[in-house]
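Topology and contacts: notes
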Amino acid sequence: MNSSAHQTAGDRLDAALAAIDEHQARTNAFILVDEPGARTAARAVDDERRRGVDRGPLHGMPMSIKDLVDIAGQPTTAASRLRAGHVAKSDAPVVQRLRDAGAVLIGKTNMHEFALGTTSDESAFGPVHNPHDVSRSAGGSSGGSAAAVACGMGEASIGSDTGGSIRIPAAACGVVGLKPSLGEVPTEGCVPLSSTFDHVGPITRSVEDAATIFAVISGQRPRPIEARTPGSVKLGVLHGYFDQILDTDVRTGFDDAISRLKRCGVATDMRTIDGTELITGTYIAISLAEAAHWHAPLLQTRSAEYQPGVRARLGIGEKVLAVDYIGALEARERFRLAVDAALEGCDALVLPTLAIVAPTLGLSDVTMSGGEQVPVRSAMLRLTQLFNITSHPAISLPVPTPGLPVGLQLVGRRDQTAALLSTAHLCERALMN
C-alpha cells in the first residue's frame, strides 16, 4: 500500500476532501459527496486503531463508489433521471465488505447513464471531464471513478465493467483499472446492464492497491502479491485485429511499453485469436438484448426520459432476435476457448486498452492513423469487450507518455485474477524504469 496508509483516517479523508474542493468543479466526477458520513466513519476507524483494532490494509482508506452500486440510505441514480427518488435500503455486498475492512466511503461518482456508454457525457448530472484535458472525455462508463482517483479525490474507487467500463476510463485518465473474472466479485445491489457480462472491480493508483481491494471485495483475506522476476514472465502480444486500428499516440505508447518490458527481461511472442470479425456482433447481441430486457418496463412508460444515445442503444437491443441471441451465446463459448488457447505457454496476453487517446467530448467519429473514420464508441470498445464476452480477467496499466494517457492491457486466465495481478505488478515496475 502507499505511504498514506500510515496516516490517520482523518488526515487521509482531509486530503481527499481538499482534492474534491480543488477538482470537482472542473471534472464533475462526483454526483454525491457524503462529507458528514465520511467524517463519522473516519473517526470510528481511528478510534478502533487507538484501541488496537486493525482491519487490514484498507483500514482508513478513503474511497468512492460508482453511482450504480447501493449504499444504504443514499440514492443510487445510475446517472439517470429515471432513478430520481430512489434510495438504497441496504449496502451492496461489495460495499459491506469494504466497510468491514475499514474503508471510508466518501461519495458516489458520476457515470454514463445506466453504464450504457463509453464517454460519460450522457448523464443526468452533466458530463465527466478528463482531468488531463477537460475538453476531453474521462472514458466510461466509470468515468467519474477514474477521474476521482486520478485527481486524488479518494485513494481508490469501485467501478463496473460490462464492455470495458473500468479499463476504458482507467486508460483515459492514467490510472489502474481491474476487471476480475466473471463471478469473482458479487454484483448484487448494482443496477445491471448485462447480467452475462457485468463485472465489479477497483480503480486505483497502483496494482498493489487493486490487488488488496480485489481480495476484500471478492471475500478473501488480502495477501502480499506474489513476487515475480522479469525472466520468469512471458507475454503474448496480440496482433491482427488488436493492433490493426490504433491512433498514432497509442501505437507509439504501446510499442514503447513493449520495448521497456523486453529491456527488463520479460519475454514476448506474437499471438492471434480466431474469429475476431464476430466480436462486435456477439457483444451487441448479448449485452444490448439483456439491457433492453431489464429496461423494458421503463421503456414502455418513460422512454423519453433517457439520454438520447442511451435510448437509441436500448432500441437496438429491443430488435435482437432470439435466434441471434442464442447464436451469440454459442459464439461466446468459442471465444472463451480461443482466448484460452492464445494464453497457452504465456502468463498473460498484452494489447492496448484503448485504440485511441481520450476523445473530445461530444465527438461522434475519430480519425485513426491510416485516415479511417471510426465511431468513437466502436473505437473505445474495440480492445476491451472481448474479455467481457469470455470472462477472462483483465487489467489496464498506465504507460508513461509525454501526452495524453495511454493504457496497457493485460489479460489472464479465467478465475486466476491473483496470478494476473502478480504479472501486472511486475510489468508496472518495469514500465516505470
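See the structure printed just above.
All of these numbers come straight from a predicted model, not from anything done at the bench.

**With respect to the overall build of the chain**
Along the backbone of the chain there are 14 helices and 15 strands. Out of the 433 residues belonging to the chain, those deemed buried represent 59%. Long-range pairs, those at least 24 residues apart, make up 76% of the contacts in the chain between residues at least 6 apart in sequence.

**Comments concerning the pattern of salt bridges**
Enumeration over the complete set of coordinates arrives at 20 salt bridges. When the shortest N-O distance is used, the salt bridge between R49 and D54 registers 3.6 Å. Judged by its relative accessible area of 31%, R49 is partly exposed. For E305, the salt bridge identified is with R302, shortest N-O distance 2.8 Å. Residue classification places E305 among the partly exposed residues on the basis of a relative accessible area of 27%. Within this structure, D14, E35 and R39 form a network of salt bridges that share partners.

**Things to note about the environment of K234**
Mapped onto the fold, K234 is located in strand 9 (residues 234-238). Residue class for K234 comes out partly exposed when judged on its relative accessible area of 29%. Apart from residues lying up to four places away in sequence, K234 is in contact with A267, D269, R271, G345, C346, D347 and A348.

**Some words on the nonpolar core**
Within the largest apolar cluster, 109 residues are counted, with the highest numbers of intra-cluster contacts made by L98, I395 and L410. Aside from chain neighbours lying at most four places away, what touches L98 is L58, M63, I65, A103, I158, I213, V216 and I217.

**Thoughts on the packing of helix 6 (residues 207-217) against helix 14 (residues 417-431)**
It is at 9 Å that the axes of helix 6 and helix 14 come closest, and there the two elements cross at 165 degrees. With respect to helix 14, the element helix 6 is oriented roughly antiparallel. At the point where helix 6 passes helix 14, the crossing takes the left-handed sense. Together, V207, A210, A211 and F214 of helix 6 and T417, A418, L421, A424, H425 and E428 of helix 14 make up the contact between the two elements. Looking at the contact of helix 6 with helix 14, its residues break down into seven nonpolar, two polar and one charged.

**Considering the sheet that holds strand 8 (residues 199-204)**
The strand order across the open sheet built from 11 strands is 1-3-2-6-8-7-14-15-11-9-10, with neighbouring strands paired in mixed fashion. Looking along the sheet, the strands with just one partner apiece sit at the ends: strand 1 (30-33) and strand 10 (267-271). Averaged over all pairs of adjacent strands, the angle between strand axes in this sheet comes to 30 degrees, irrespective of strand direction. By the bridge criterion, three bridges tie strand 7 (residues 176-179) to strand 14 (residues 394-399) in an arrangement that is antiparallel. Looking across to strand 14, one finds that G177 is bridged to S396. Here helix 14 sits on the sheet and contacts strand 7, strand 9, strand 11 (348-352), strand 14 and strand 15 (406-411); the angle it forms with strand 14, its principal contact strand, is near 10 degrees.

Conventions adopted
Residues numbered from 1 in each chain as written. Predicted model: local features only at pLDDT ≥ 70, side-chain atom pairs only at ≥ 80, totals over all residues. Heavy atoms only, no water. Helix = DSSP H or I, 4+ residues; strand = E, 2+ residues; numbered from the N terminus. Buried < 20%, exposed > 50% of the residue type's maximum accessible area, 1.4 Å probe, protein only. Contact = heavy atoms within 4.5 Å. Salt bridge = Lys/Arg side-chain N within 4 Å of Asp/Glu carboxyl O. Core = buried A, V, L, I, M, F, W, Y, C linked by side-chain atoms within 4.5 Å. Axes fitted to C-alpha atoms, helices over the stretch in contact; angles between N-to-C directions. Parallel < 35°, antiparallel > 145°, perpendicular 65-115°, else oblique. Left-handed = near helix turned anticlockwise from the far one by under 90°. Nonpolar A, V, L, I, M, F, W, Y, C, P; charged D, E, K, R; others polar. Pairing = 2+ DSSP bridges.

Note that all results are geometric; they support no functional claim without further evidence.
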